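# Summary of the model geometry
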Amino acid sequence: MESVKVYRSVNAGDRFFGLELADGVLLLLVFFLAFSFNREGLFGNGVALLLTYFGIRALKRNKPEGYVLDLTRYVLASRFKAVCAFDDAESMKGDKA
């Protein structure tokens with residue numbers, strides 16, 4: 001049985017211009033935010049999109065697949081895990097005399 005050369009690994013994730021699906025969603029979010037704040041600034045918004053694209057590419061350099069998605073989950077989850085003040089039930093324990 002002869003081996004066949006393929007140019008794409010079956011196990012590799014889908015990429016478009018070097019970005020994964022989650023990265024494309026992030027770029028799409030920047031697109032909508034840029035055009036919602038500055039509808040007339042086509043050049044400025046294009047520059048913002050290019051900077052975002054190259055920033056994501058630089059952030060992902062030599063990182064495993066799904067890095068930006070995991071980084072986003074970490075940043076969002078860390079805010080919800082912050083320790084808050086005492087609950088009402090915990091503050092009532094110290095008031096008994």
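Below is a summary of the structure that appears in this document. Since the model is a prediction, treat every value here as computed from it, not as a measurement.

## Comments concerning the packing of aromatic side chains
Given two aromatic rings, their pairing is described by the distance between the two centres and the angle made by the two planes. One pass over the full model with this rule turns up three aromatic pairs. Ring centres of phenylalanine 31 and phenylalanine 32 lie 5.4 Å apart, and the angle between their planes is 70°; on these two criteria the pair is classed as edge-to-face. Overall, the relative accessible area of 31% leaves phenylalanine 31 in the partly exposed class. When the centroid spacing of 5.2 Å and the interplanar angle of 65° are considered together, the rings of tyrosine 53 and phenylalanine 54 count as edge-to-face. Classification of tyrosine 53 by relative accessible area gives buried; the value is 16%. An aromatic cluster of at least three residues, connected via ring pairs, comprises Phe31, Phe32 and Phe35. Lysine 63 extends its terminal NZ or CZ atom over the ring of tyrosine 67, reaching a point 5.4 Å from the ring centre.

## A few points about the environment of tyrosine 67
Mapped onto the elements, tyrosine 67 comes out in helix 3 (residues 67-80). Looking at tyrosine 67, the relative accessible area reads 25%, which means it is partly exposed. It is 9.8 Å that separates the C-alpha atoms of tyrosine 67 and glutamate 20, two residues lying 47 residues apart in sequence.

## So, helix 2 (residues 42-60)
The first and last C-alpha atoms of helix 2 sit 27 Å apart over 19 residues, in line with the 27 Å expected at 1.5 Å per residue. Within two residues after helix 2, asparagine 62 carries a phi angle of roughly 60°, on the positive side.

## Let's talk about the nonpolar core
Nonpolar side chains in soluble globular proteins tend to be buried together. Counting five residues, the largest nonpolar core is built from Leu19, Leu27, Leu49, Tyr53 and Ile56. It is helix 2 that contributes the most residues to this core, three residues altogether. Those residues in contact with leucine 27 that sit more than four places away from it in its chain are Leu19, Leu49, Thr52 and Tyr53.

## Side note on a nonpolar patch on the surface
Residues Leu26, Leu29, Leu33 and Phe37 make up a contiguous nonpolar surface patch of roughly 420 Å² in combined accessible area. Of note, leucine 29 is situated in helix 1 (residues 21-37).

## Here we look at unusual backbone geometry
Phi at asparagine 62 takes a positive value of approximately 60°, unusual for a residue other than glycine. Secondary-structure assignment places asparagine 62 in the loop between helix 2 and helix 3.

## Looking at the pattern of salt bridges
It is possible for side chains of opposite charge to pair when their charged atoms get near one another. Applying the stated criterion to the full structure yields three salt bridges. Linking aspartate 70 and arginine 73 is a salt bridge whose minimum nitrogen-to-oxygen distance equals 3.6 Å. With a gap of three residues between them, aspartate 70 and arginine 73 both fall in helix 3, about one helical turn apart. Here aspartate 70 falls in the partly exposed class, since its relative accessible area comes to 44%. Bridged by salt links that share partners, the residues Glu20, Asp23 and Lys60 form one connected network.

Definitions and limits used
Residues numbered from 1 in each chain as written. Predicted model: local features only at pLDDT ≥ 70, side-chain atom pairs only at ≥ 80, totals over all residues. Heavy atoms only, no water. Phe/Tyr/Trp six-rings, centres within 6.5 Å; stacked < 30°, edge-to-face > 60°. Buried < 20%, exposed > 50% of the residue type's maximum accessible area, 1.4 Å probe, protein only. Lys NZ or Arg CZ within 6 Å of the ring centre and 35° of its normal. Helix = DSSP H or I, 4+ residues; strand = E, 2+ residues; numbered from the N terminus. Expected span 1.5 Å × (residues − 1). Core = buried A, V, L, I, M, F, W, Y, C linked by side-chain atoms within 4.5 Å. Contact = heavy atoms within 4.5 Å. Patch = residues over 30% accessible without salt bridge, like charges linked within 9 Å, V, L, I, M, F, W, Y side chains within 5 Å. Areas by Shrake-Rupley, 256 points an atom, 1.4 Å probe, with all protein chains shown as cover. Salt bridge = Lys/Arg side-chain N within 4 Å of Asp/Glu carboxyl O.

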